[in-house]
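Letter by letter, the chains look like this.
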Amino acid sequence: MLIRRPSDIAPSEITPRALFEDRRQFIRDAGLFAAAAGLAVTGVHPRSARAQTGKGFPNLKKGAYPIGEASTPFKDVTSYNNFYEFGTGKEDPAENAGTLKPRPWSVSVEGECAKPRRWDLDELLKLAALEERIYRLRCVEGWSMVIPWVGYPLAELIKRAEPASKAKYVEFTTLMDPKQMPGQRMAVLDWPYVEGLRIDEAMNPLTLLTLGLYGDVLPNQNGAPVRVVVPWKYGFKSAKSIVRIRFTEQEPRTAWNKAIASEYGFYSNVNPQVDHPRWSQARERRIGEFTKRPTLMFNGYGEQVASLYTGMDPKKFF
Ligand SMILES: Nc1nc2c(c(=O)[nH]1)N[C@H]1C(S)=C(S)[C@@H](COP(=O)(O)O)O[C@H]1N2
Ligand SMILES: [Mo]
């Protein structure tokens with residue numbers, strides 16, 4: 001008997017395959033039960049993708065800034081990752097991130113602001129209307145994806161903290177816990193992973209506080225339960241599994257800048273005209289495609305963000 005009754009099937013068995021086949025609209029239209037009966041026949045899916053609930057987010061708004069490009073398949077989005085806390089290989093995070101416990105979770109918002117406080121994950125999920133934002137993600141190593149994230153502008157959270165005039169930057173810190181993140185036992189980076197933005201970059205409506213992808217919660221390997229996504233910058237600026245957001249007067253010391261300052265600057269805006277010291281950034285390989293495509297200035301988001309850098313030399317502030 002191949003088809004099991006829906007009650008025998010954990011929701012987590014259903015979602016990845018449904019998503020891999022890009023049948024989300026079908027699920028919405030047909031209802032989850034019908035989809036469950038039809039799709040749960042085979043159980044092949046990436047292991048940590050089970051972190052998805054199968055329930056999805058109700059009332060997801062269609063997001064702003066459509067790009068009119070096909071999303072990278074769910075399977076690639078969740079099995080080809082950079083998340084050095086779980087190993088340095090692209091397949092390592094999907095294999096190893098099962099040790100991360102995304103609940104309970106909270107994010108402390110602190111530093112130069114009038115209203116510092118700790119936000120529980122459930123409070124963050126309710127803070128503002130969740131949208132689906134389909135963004136290009138360009139990795140500094142030369143590959144890219146298109147990912148349907150779920151979240152809302154980080155500005156929604158920032159404004160509630162009432163940043164002080166001294167708050168010139170925002171620092172993001174990933175969880176530090178070698179038990180949950182075994183890669184932190186290796187001195188690849190100076191843990192915890194830290195990233196940062198200028199406060200106007202952090203307040204830009206493109207900058208997304210991200211709580212999901214493909215219509216459901218974030219799989220562990222993609223930075224569960226909450227991360228930042230900054231689509232006009234190289235992927236490493238988008239810190240995963242964050243526990244702290246801090247307003248600072250000084251430019252944050254970021255993990256990659258500390259490791260190799262000559263190669264990874266604070267700004268790291270996607271720019272096909274500014275090469276990495278060891279390779280060109282002019283072209284990129286979209287995961288799933290064979291021929292390389294040209295890399296777009298600001299990853300294609302120049303209209304929204306170019307004005308943030310007026311008068312700054314991109315070769316100096318790389
Ligand atoms: N904490 C943490 N955040 C991280 C990384 C990491 O190693 N650790 N890798 C970055 C890099 S280099 C990229 S390209 C993106 C990849 O995000 P994705 O795996 O969800 O596509 O996450 C970024 N965020
Ligand atoms: Mo990256």
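The structure under discussion appears in the preceding block.
Residues numbered from 1 in each chain as written. Chains lettered and ligands numbered in written order. Predicted model: local features only at pLDDT ≥ 70, side-chain atom pairs only at ≥ 80, totals over all residues. Heavy atoms only, no water.

Asks: Describe empty space enclosed by the protein, and please don't skip the residues or the numbers.
Replies: One pass over the full model with this rule turns up one cavity of 30 Å³ or more. The calculated volume of the largest cavity comes to roughly 30 Å³. If you trace the largest cavity, you find it lined by R136, L137, R138, V229, V230, P231, K233, Y234, G235 and S238. Here the residues of the lining of the largest cavity sort into five nonpolar, two polar and three charged. (1 Å grid on protein atoms, 1.4 Å probe; cavity = no way out; pocket = protein on both sides within 12 Å on 5 of 7 lines; lining within 4 Å. Points joined across faces, edges and corners; volume = space filled by probe spheres on them. Nonpolar A, V, L, I, M, F, W, Y, C, P; charged D, E, K, R; others polar.)

Asks: Could you give an account of the side chain of N269, naming the residues involved and the relevant values?
Replies: Tracing the backbone through its elements, the reader meets N269 in the loop between α9 (255–259) and β12 (283–286). On the basis of relative accessibility, which here comes to 13%, the residue N269 falls in the buried class. For N269, the side chain forms a polar contact with the side chain of W232, separated by 3.2 Å. Within the local environment of N269, its side chain forms a polar contact with the side chain of Y309, the two groups lying 3.4 Å apart. (Helix = DSSP H or I, 4+ residues; strand = E, 2+ residues; numbered from the N terminus. Buried < 20%, exposed > 50% of the residue type's maximum accessible area, 1.4 Å probe, protein only. Polar contact = N/O pair within 3.5 Å; in protein donor to acceptor, adjacent residues only side chain to side chain.)

Asks: Go over the pairing of strand β6 (residues 169–174) with me, naming the residues and quoting the values.
Replies: For β6, the tally of buried residues reaches six of six residues, placing the bulk of the element in the interior. Where β6 meets strand β7 (residues 194–198), five bridges bridge the pair, whose relative direction is antiparallel. Considered in β7, the bridge of E171 is made with G196. As paired elements, β6 and strand β11 (residues 242–248) share six bridges and run antiparallel to each other. (Pairing = 2+ DSSP bridges.)

Asks: Tell me what's going on with the site of ligand 1, and back it up with residues and numbers.
Replies: Surveying the vicinity of ligand 1 reveals 16 residues, the closest of which are N81, Y84, E85, R227 and K240. Between an oxygen atom of ligand 1 and a side-chain N or O atom of N81, the distance comes to 2.8 Å. With respect to ligand 1, the side chain of R227 contributes an N or O atom lying 2.6 Å from an oxygen atom. Taking 540 Å² as the accessible area of ligand 1 by itself, protein coverage stands at 98%. (Near = heavy atom within 4 Å. Areas by Shrake-Rupley, 256 points an atom, 1.4 Å probe, with all protein chains shown as cover.)

Asks: How would you sum up the nonpolar core? Please name residues and give values.
Replies: In terms of nonpolar packing, the biggest core is built from 77 residues, with W149, L157, F172, W232, I245 and F247 touching the most fellow members. Considering every element that reaches this core, the biggest residue donor is strand β5 (residues 143–153), with seven residues. Once residues within four sequence positions are removed from consideration, F172 is found in contact with L154, Y193, V194, E195, G196, L197, V228, A239, I242, R244 and I245. (Core = buried A, V, L, I, M, F, W, Y, C linked by side-chain atoms within 4.5 Å. Contact = heavy atoms within 4.5 Å.)

Asks: Quick one: what's the story with the packing of aromatic side chains, residue by residue and with numbers?
Replies: The tally for this structure, following the rule as stated, stands at twelve aromatic pairs. Plain terms: the ring middles of F236 and Y264 are 5.4 Å apart, the flat faces sit at 80° to each other, and that makes the pair edge-to-face. Here the residue F236 occupies a position in the loop between β10 (227–229) and β11, and Y264 occupies one in the loop between α9 and β12, the gap between them amounting to 28 residues. Both rings, one in Y267 and one in Y309, keep their centres 6.1 Å apart while their planes meet at 85°; by these two values the pair is edge-to-face. Here the residue Y267 occupies a position in the loop between α9 and β12, and Y309 occupies one in the segment after α10 (302–305), the gap between them amounting to 42 residues. One aromatic cluster in this structure is built from Y169, F266, Y267, F298, Y309 and F317. Seen from the ring of W119, R117 lies directly overhead, with NZ or CZ sitting 3.6 Å from the centre. (Phe/Tyr/Trp six-rings, centres within 6.5 Å; stacked < 30°, edge-to-face > 60°. Lys NZ or Arg CZ within 6 Å of the ring centre and 35° of its normal.)

Asks: So what's going on with helix α7 (residues 154–161)? Residues and values would help.
Replies: Every buried residue of α7 is accounted for by L154, A155, L157, I158 and A161. Taken down its axis, α7 places every buried residue within 160° of arc, on the same side. Backbone geometry just after α7 places E162 at a positive phi near 50°. (Arc of directions from axis to C-beta.)

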